[in-house]
Amino acid sequence: YTLSLHDALPIYGSAMSPFYTTLAIWVGALLMHSLLSVEVKNFKDGAPISTREKFLGRYFTFLTIAILQTLVTIVGNLLLLKTYVVSPIILILFGIYVSIVFLTIIYSFVCLLGNIGKALIVVVMVLQISASGGTFPVELLGSFFQYIHPMLPFTYAIGGMRETVAGIIPSVLISHMLTLSKYLVVCFVLAFILQERMNKINSKFIEEFNKSGLAE
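Please read these numbers as outputs of a predicted model, since none were measured by experiment.

## So, the overall build of the protein chain
Working step 1: Along its length, the protein chain carries eight helices and zero strands.
Working step 2: Going from N to C terminus, the protein chain has its helices and strands arranged as α-α-α-α-α-α-α-α.
Working step 3: In the protein chain, buried positions account for 42% of the 216 residues.
Working step 4: In the form shown here, the protein chain has an accessible surface area of approximately 12,100 Å², with 69% of it arising from carbon and sulfur atoms.

## Some remarks on the packing of helix 4 (residues 88–113) against helix 5 (residues 115–131)
Working step 1: The geometry of helix 4 relative to helix 5 is characterised by a closest axis approach of 6 Å and an angle of 145 degrees between their N-to-C directions. Counting all contacts with helix 4, which are made through Ile 105, Ile 106, Phe 109, Val 110 and Leu 113, the residues of helix 5 involved are Asn 115, Ile 116, Gly 117, Lys 118, Leu 120 and Ile 121.
Working step 2: Classifying every residue of the contact of helix 4 with helix 5 by side-chain character gives eight nonpolar, two polar and one charged.

## Some words on the packing of helix 4 against helix 7 (residues 153–166)
Working step 1: Closest axis-to-axis distance for the helix 4/helix 7 pair is 9 Å, and the angle between their directions is 170 degrees. The pairing of helix 4 with helix 7 is recorded here as roughly antiparallel in orientation. Here Ile 90, Leu 91, Phe 94, Gly 95, Val 98, Phe 102 and Ile 105 of helix 4 lie close against helix 7, whose contacting residues are Pro 153, Phe 154, Tyr 156, Ala 157, Gly 160, Met 161 and Thr 164.

## Some remarks on unusual backbone geometry
Working step 1: With a phi angle near 55 degrees, Lys 82 is a residue other than glycine that sits in the positive phi range.
Working step 2: Mapped onto the elements, Lys 82 comes out in the loop between helix 3 (51–79) and helix 4.
Working step 3: Looking at Lys 82, the relative accessible area reads 53%, which means it is exposed.

## Description of a nonpolar patch on the surface
Working step 1: On the surface, a nonpolar cluster with roughly 480 Å² of combined accessible area is contributed by Val 185, Val 186, Val 189, Leu 190, Ile 193 and Leu 194.
Working step 2: Here Val 186 lies in helix 8 (residues 170–211).
Working step 3: Residue Val 186 is classed as partly exposed on the basis of its relative accessible area, which comes to 46%.

## Section: the side chain of Thr 21
Working step 1: By the secondary structure assignment, Thr 21 is in helix 2 (residues 17–35).
Working step 2: Thr 21 gets classed as buried once you look at its relative accessible area, which sits at 6%.
Working step 3: Thr 21 has contacts with Thr 73, Ile 74, Asn 77 and Met 161, leaving out every residue within four places of it along the chain.

What counts and what doesn't
- Residues numbered from 1 in each chain as written.
- Predicted model: local features only at pLDDT ≥ 70, side-chain atom pairs only at ≥ 80, totals over all residues.
- Heavy atoms only, no water.
- Helix = DSSP H or I, 4+ residues; strand = E, 2+ residues; numbered from the N terminus.
- Buried < 20%, exposed > 50% of the residue type's maximum accessible area, 1.4 Å probe, protein only.
- Areas by Shrake-Rupley, 256 points an atom, 1.4 Å probe, with all protein chains shown as cover.
- Axes fitted to C-alpha atoms, helices over the stretch in contact; angles between N-to-C directions.
- Contact = heavy atoms within 4.5 Å.
- Nonpolar A, V, L, I, M, F, W, Y, C, P; charged D, E, K, R; others polar.
- Parallel < 35°, antiparallel > 145°, perpendicular 65-115°, else oblique.
- Patch = residues over 30% accessible without salt bridge, like charges linked within 9 Å, V, L, I, M, F, W, Y side chains within 5 Å.
- Salt bridge = Lys/Arg side-chain N within 4 Å of Asp/Glu carboxyl O.

Below, the structure written as structure tokens:
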């Protein structure tokens, strides 16, 4: 499919834009979690704030930044790089949707597992670069990558963006969106329910780690 896109599109390299745009959205969300903290400090006046209120408040802050990053990326592709796109408006809207899904996945991992979550997200990113079929048809990949291919968010994000670039088949685009929504709902619900319990476990781990003398 990737190779056929190269033949069908009038601008060389436009067939690769879905992969690199998807990668940029994921990396942008990941770097944001490296620069900004998901933890929220208590109010100075001592007003009570629950764990879930902290979770939602910081989530929407991160989400706003992620959407702005995505708009800069996609609009930059269209206006600066002159990427060929059949449906630019749908591409922008779908890109925003992808950024919401990716941000939710990464935010949930980091909230639940802390630095371990960040490490896991990097591992997932590496696997997705290899197994999503963004650069080579999945049929040319090894058996392991073919096995995990349908489990990866990149697979459906890239597939949806390819629809907007080369011509939309509504049923295919909707299918990709529905599959991505599963990642969104599962990650958000699990993080929202389990964060308070995981915070207690993580705080004990951090306390013991600091006592070990391995941390500065």
